[in-house]
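Given next are the chains, with one letter for each unit.
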Amino acid sequence: MPTFRSTREHALLVLASLVLAACAGDGAPVPEPKADAPIVTSLPQLPQLPTELRPVVPPDLDLAFGTDSVLVTISVEPGARVNALLPPVIDAGDGRRFLLRAPTVTADSAYFVERASVTIPRSALPIRGTLRTSFCRSDERLCRSTERAVVLEDR
């Protein structure tokens, strides 16, 4: 057995020496890349932000009062699309939730084709809460999530 142990120890010493030699390199300095040389990478190119950012305006609500109910419809800026996968919702302060929906969606089911709305009985008013919306501008490749305080009162 002593010969096996010494052979194993020698093999470990040789392996450790090879690893250290490989890590040490030849000691030559690494040349600096040229300033005008293109950077080659396998990472995808990130989208560039526009130089001038437009402020995010949270969607507004349009109210149409009927005899016993009120139709609440979301109104976004022209060209924007409302996210159907994360539909708008009014979270009332007392725990009630009012989900806004539209009857038709795009072919990929991602956006509402028509304006999203919900019918609320007038007896449920007043409602004080938060409107949570996800919408996408036509000139951007991302959806924005916004919140705004809302107060729905009977007139």
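Residues numbered from 1 in each chain as written. Predicted model: local features only at pLDDT ≥ 70, side-chain atom pairs only at ≥ 80, totals over all residues. Heavy atoms only, no water.

Draft legend 1. Geometry of the overall build of the protein chain. Broken down by element type, the protein chain carries one helix and eight strands. Along the protein chain, from the amino end to the carboxyl end, the secondary structure elements read α-β-β-β-β-β-β-β-β. By residue count, 27% of the 155 residues in the protein chain fall in the buried class. Across the protein chain, contacts joining residues at least 24 apart in sequence account for 59% of those joining residues at least 6 apart. Put simply, the protein chain shows about 11,700 Å² of open surface, and 59% of that area lies on carbon and sulfur atoms. (Helix = DSSP H or I, 4+ residues; strand = E, 2+ residues; numbered from the N terminus. Buried < 20%, exposed > 50% of the residue type's maximum accessible area, 1.4 Å probe, protein only. Contact = heavy atoms within 4.5 Å. Areas by Shrake-Rupley, 256 points an atom, 1.4 Å probe, with all protein chains shown as cover.)

Draft legend 2. Spotlight on the nonpolar core. One finds Leu61, Val72, Ile90, Ile120, Ile127 and Leu152 to be the most contacted residues of the largest nonpolar core, which totals 21 residues. Broken down by secondary-structure element, the contributors of at least two residues to this core are strand E2 (69–75), strand E4 (89–92), strand E6 (117–121), strand E7 (127–136) and strand E8 (143–152). Setting aside residues no more than four positions away along its own chain, Val72 makes contact with Leu61, Asp62, Leu63, Ile90, Leu100, Ala116, Ser117, Val118, Ile120 and Leu152. (Core = buried A, V, L, I, M, F, W, Y, C linked by side-chain atoms within 4.5 Å.)

Draft legend 3. Broad picture of a nonpolar patch on the surface. A contiguous nonpolar patch, built from Leu12, Leu15 and Val19 and spanning about 290 Å² of accessible area, is present on the exposed surface. Within the fold, Leu12 resides in helix H1 (residues 2–24). On the basis of relative accessible area, Leu12 is assigned to the exposed category, the value being 53%. (Patch = residues over 30% accessible without salt bridge, like charges linked within 9 Å, V, L, I, M, F, W, Y side chains within 5 Å. Salt bridge = Lys/Arg side-chain N within 4 Å of Asp/Glu carboxyl O.)

Draft legend 4. Representation of the pairing of E7. With seven of 10 residues buried, E7 lies mostly within the body of the structure. In this sheet, E7 lies alongside strand E3 (residues 81–82) in antiparallel orientation, the contact comprising two bridges. Looking at the pairing, Arg81 lines up with Cys136 of E7. Of the strand pairs in this sheet, E7 and E8 are connected by 10 bridges, and their pairing is antiparallel. Within the sheet, the bridge partner assigned to Thr133 lies in E8 and is Thr146. In sequence, E7 turns back onto E8 through a hairpin of six residues. (Pairing = 2+ DSSP bridges.)

Draft legend 5. Highlighting the sheet that holds strand E1 (residues 60–65). With antiparallel pairing, the three strands of this open sheet are ordered in space as E1-E2-E6. Both outer strands of the open sheet, E1 and E6, are each paired with one neighbouring strand and no more. The sheet shows a mean angle of 25° between the axes of neighbouring strands, direction not considered. (Axes fitted to C-alpha atoms, helices over the stretch in contact; angles between N-to-C directions.)

Draft legend 6. Highlighting the packing of aromatic side chains. Taken as a whole and judged by the stated rule, the model has zero aromatic pairs. Positioned over the ring face of Tyr111 is Arg81, at 3.9 Å from the centre of the ring. (Phe/Tyr/Trp six-rings, centres within 6.5 Å; stacked < 30°, edge-to-face > 60°. Lys NZ or Arg CZ within 6 Å of the ring centre and 35° of its normal.)

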